[in-house]
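Observations on chain architecture
Residue-level listing of the chains:
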Amino acid sequence: MKKILITLLLLAIWSCKNKNNKTNGLITKNAMVVSAREEASKIGSDIMKQGGNVFDAMVATELALAVSYPYAGNIGGGGFMVYRLNNGETGAIDYREKAPEAATKNMYLDSLGNVIPNLSTRGAMAVGIPGTIAGVFEVHKKFGTLPIETILEPVIALANKGVIVTKKQALRIAEKQVDFKLANKDTILFTKNWKVNDTIKYPNLANTLKKILENGRDEFYKGETAKKLAQFIQENGGIITEEDLANYEAIWRTPITFKYDGLTITSMSPPSSGGIALAQILKQIEPFNLENFGHNSVKAIQVITEAERRAYADRSFYLGDPDFVKVPQNKLISDAYLKNRMANFSFEKATPSLSVSHGEVQIIESDETTHYSIVDPFGNAIAVTTTLNSGFGSKLYCSELGFFLNNEMDDFSSKPGEPNVYGLIGAEANSILPQKRMLSSMTPTIIEKNGKLYMTLGTPGGSTIITSVMQTILNVHKFNMTMQEAVNAPRFHHQWLPDEIRMEPNAFDQSIIDELKKLGYIINEKDAPVIGKVDGILVLDDKSYEGGADRRGDDTAVGF
């Protein structure tokens, strides 16, 4: 009896230890949504409870984020979705914003050829033609199963009822007050001093969504809403016309698919740089034994940093809208090309970025994007990243229609070879042309293992998106973390130029930082307070789902 008691006691201790050692996110059996706000995740999950599939839930979640997370959720912006059906078929849709017809290559330059401050980032001239409504309706047309009324009604109800302000949201609104006043002629909803636990109601957005529900996607692009939107933009000094809106279409794309260490990874193709850069980084690090080096060890950080450096150098030179420039994507992710990219890497010292071609140029978008991942009860999965570009986009708010407009035009190269407002340099491949889509870093990604769904994930974070997704994949696949641990783990980032490793402050052992400095790496903790907010779903061995909702935001997993 004594032996049995001792055995039971030891088992209990071992079990507690195991539980303490592993931090799991929410685990559900049938379906899950992980997004930036609980309200949006719940609406998406409820749609699937009513029998809807992952695409019905996508429409609901996307539009619920426009209500609950106006910082990046939107109907005045755009994004990308990658999907995997339960039969293994994959695909992608591009509903990225476009340049208006009146856009010109030098539209943000003064008479001396200098970039005019703030013109491409704040106010009506910064706005690209929004794609979100076209994107969600195109997805629903192709794959949706529930009536659009069923999907939109809870979103409209949320807008009327209002959304409670969180601590993080109150800080974001306070931070942008000056910009709101500079961008708008009149007082807007967000110039009020909103506090934690206040409720913000969006009756005008509810009315806009109601009209879209009644008249379909054409309400936004050809109807009364389109007329009001074009008039508002022009009255505020912008150049988008009713014709620009009428001509906008979302495009189905073939995603980037590649193999890495036994996994099949599907990610977004151009005009997103995400899939190509992710493939380049993972393929370059594949020959190295990261598990032996250890998670976030000096050697692991070195290998990953050097692969990132080379991928970002290529990204800046070659990538743009494939409808306008020839992107050599097959060559860029081929084994033959990549096997030589790390030839001059040494564990003895950092490789200076100036010695790595293809240099000279780089592109980045702002980091205030949002991502959500969904898996439905039928085994279909999606990864979606959507944005206004900067937080609250151009800060220009159409009060009558109830939403912010993007400042996506800043993602073009305002002047090839010159920094944009974020101090980043652009390339000719990403120069401004009418109807062209601007380059992006968004990296919605779906992963298979042994031919079965394994993970769906993505993140906001501008240029850090690609590296955050890559590190999260490694955390699960190489370092045996749960999905929650993988998204919570400290992250670092290198993007070729500036030649520095950005590290989340107070997250890395000082001895590791000191050792990297000795090897010639420049460490920047000051400009990296948050590197991504990853939201992902992992398929567990028993076929249940674990959600990883990033601790860095208000992100929440909801499922059943």
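Keep in mind the model is a prediction, meaning the values are calculated, not measured.

Taking 1.5 Å per residue, 12 residues should reach 16 Å; helix H10 (residues 224–235) reaches 16 Å between its end C-alpha atoms and fits that length. Burial in H10 covers these residues: Thr225, Ala226, Leu229, Ala230, Phe232 and Ile233. With its buried residues spanning 160 degrees around the axis, H10 presents them on a single face. Each element contacted by the buried residues of H10 is listed here: helix H8 (203–215), helix H9 (218–221), helix H11 (242–247), strand E12 (397–398) and strand E13 (403–404).

Attention now goes to the pattern of salt bridges. All chains considered together, the criterion is met by 31 salt bridges. Put simply, Arg96 and Asp411 hold a salt bridge, and the shortest N to O gap is 2.8 Å. Of this pair, Arg96 sits in the loop between strand E4 (90–95) and helix H4 (132–143) while Asp411 is found in the loop between E13 and strand E14 (445–449), placing the two residues 315 residues apart along the sequence. Each member of the pair, Arg96 as well as Asp411, carries the same accessibility label: buried. In this structure, Lys478 and Glu291 form a salt bridge, with 3.5 Å as the shortest nitrogen-oxygen distance. Note that Lys478 is positioned in the loop between helix H17 (464–477) and helix H18 (483–488) and Glu291 in helix H13 (residues 290–293), a separation of 187 residues in sequence. For Glu291, a relative accessible area of 39% corresponds to the partly exposed category. Beyond isolated ion pairs, a larger network of salt bridges with shared partners links Asp94, Arg253, Asp321, Asp323 and Arg437.

What follows covers the pairing of strand E9 (residues 263–267). Among the five residues of E9, five are classified as buried, and the element is accordingly described as predominantly covered. Side-chain alternation along E9 places Leu263, Ile265 and Ser267 on one buried face and Thr264 and Thr266 on a second face that is also buried. In terms of strand pairing, strand E8 (residues 256–260) meets E9 through five bridges, oriented antiparallel. When the bridges of E9 are listed, Thr257 appears paired with Thr266. Hairpin connection between E8 and E9: a loop of two residues separates the two successive antiparallel strands, and Asp261 in this loop has a positive phi of roughly 50 degrees. Of the pairings in the sheet, the one linking E9 to E14 comprises five bridges and is antiparallel in character. Looking across to E14, one finds that Thr264 is bridged to Glu448.

Before going further, it helps to spend a moment on the side chain of Ser269. Positionally, Ser269 belongs in the loop between E9 and helix H12 (274–285). Among the residues examined, Ser269 registers a relative accessible area of 3% and is labelled buried. Among the polar contacts listed, one links the side chain of Ser269 to the backbone oxygen of Thr254, at a separation of 2.9 Å. In contact with Ser269, other than residues within four places in its own chain, are Arg253, Thr254, Pro255 and Ile256.

To continue, consider the nonpolar core. One finds Phe55, Met58, Val67, Met81, Phe190, Tyr202 and Ile382 to be the most contacted residues of the largest nonpolar core, which totals 83 residues. Judged by nonpolar contacts, the second largest core, of 80 residues, contains Leu319, Leu439, Val539 and Tyr545.

The next subject is the UniProt feature "binding site: L-glutamate" (unreviewed entry) in the chain. Per the UniProt record, "binding site: L-glutamate" (unreviewed entry) is found at Arg96, Thr387, Leu388, Asn389, Asp411, Ser440, Ser441 and Gly462. Within the secondary structure, Leu388 sits in the loop between strand E11 (381–387) and E12. Topologically, Asn389 is positioned in the loop between E11 and E12.

With that out of the way, let us pick up the domain arrangement of the chain. Looking at the chain, the domain boundaries give domain 1 (34–104 + 112–253 + 371–418) and domain 2 (256–366 + 443–559). Look at where the C-alpha atoms of domain 1 and domain 2 centre, and you get two points 27 Å apart. Residue-level contacts link 40 residues of domain 1 with 44 residues of domain 2. Taken over both partners, the interface formed by domain 1 and domain 2 buries close to 3,000 Å², and the fraction arising from carbon and sulfur atoms is 59%. When the area that domain 1 buries against domain 2 is broken down by residue, the three leading residues are Val34, Arg84 and Arg253, summing to 21%. Scanning the region where domain 1 abuts domain 2 turns up three salt bridges. Between Arg253 and Asp321 there is a salt bridge, and its shortest N-O distance comes to 3.9 Å. There are 12 residue pairs in polar contact (both at pLDDT 80 or more) connecting domain 1 and domain 2.

Conventions we followed
- Here the residue numbering is sequential within each chain, running from 1 through the sequence in written order.
- Predicted model: local features are reported for residues with pLDDT of at least 70 only, side-chain atom pairs are reported and counted for 80 or more only, and whole-chain, interface and lining totals are derived from all residues.
- Hydrogens and waters are ignored; side-chain quantities use all the structure's heavy atoms.
- Only runs of H or I of at least four residues qualify as helices and only runs of E of at least two qualify as strands under DSSP, and these elements are numbered from the N terminus.
- Under the convention used throughout, the expected extent of a helix is 1.5 Å for every residue step, that is, one less than its residue count.
- Remark: exposure states derive from per-residue accessible area (1.4 Å probe, protein chains only) relative to the maximum for the residue type, with buried under 20%, exposed over 50%, and partly exposed in between.
- Here, the arc refers to the directions that run from the helix axis to the C-beta atoms.
- Should any heavy atoms of two residues lie within 4.5 Å, those residues are considered in contact.
- Salt bridge, as applied in this entry: a Lys or Arg side-chain nitrogen positioned within 4 Å of an Asp or Glu carboxyl oxygen.
- Strand pairing follows a simple DSSP-based rule, namely that at least 2 bridges must link the two strands.
- Any pair of N or O atoms that falls within 3.5 Å is considered a polar contact. Within protein, one atom must be able to donate a hydrogen and the other to accept it, and sequence-neighbouring residues count only if both atoms are side-chain atoms.
- Nonpolar cores were defined as sets of buried Ala, Val, Leu, Ile, Met, Phe, Trp, Tyr and Cys residues, with membership established by side-chain atoms within 4.5 Å.
- UniProt positions are given in the numbering used here, feature names are shortened, and annotations may be inferred rather than shown by experiment.
- Each domain span listed reflects an automatic or database assignment of domains.
- By buried area we mean the combined loss of accessible area, with a 1.4 Å probe, across both parts when two parts are placed together.

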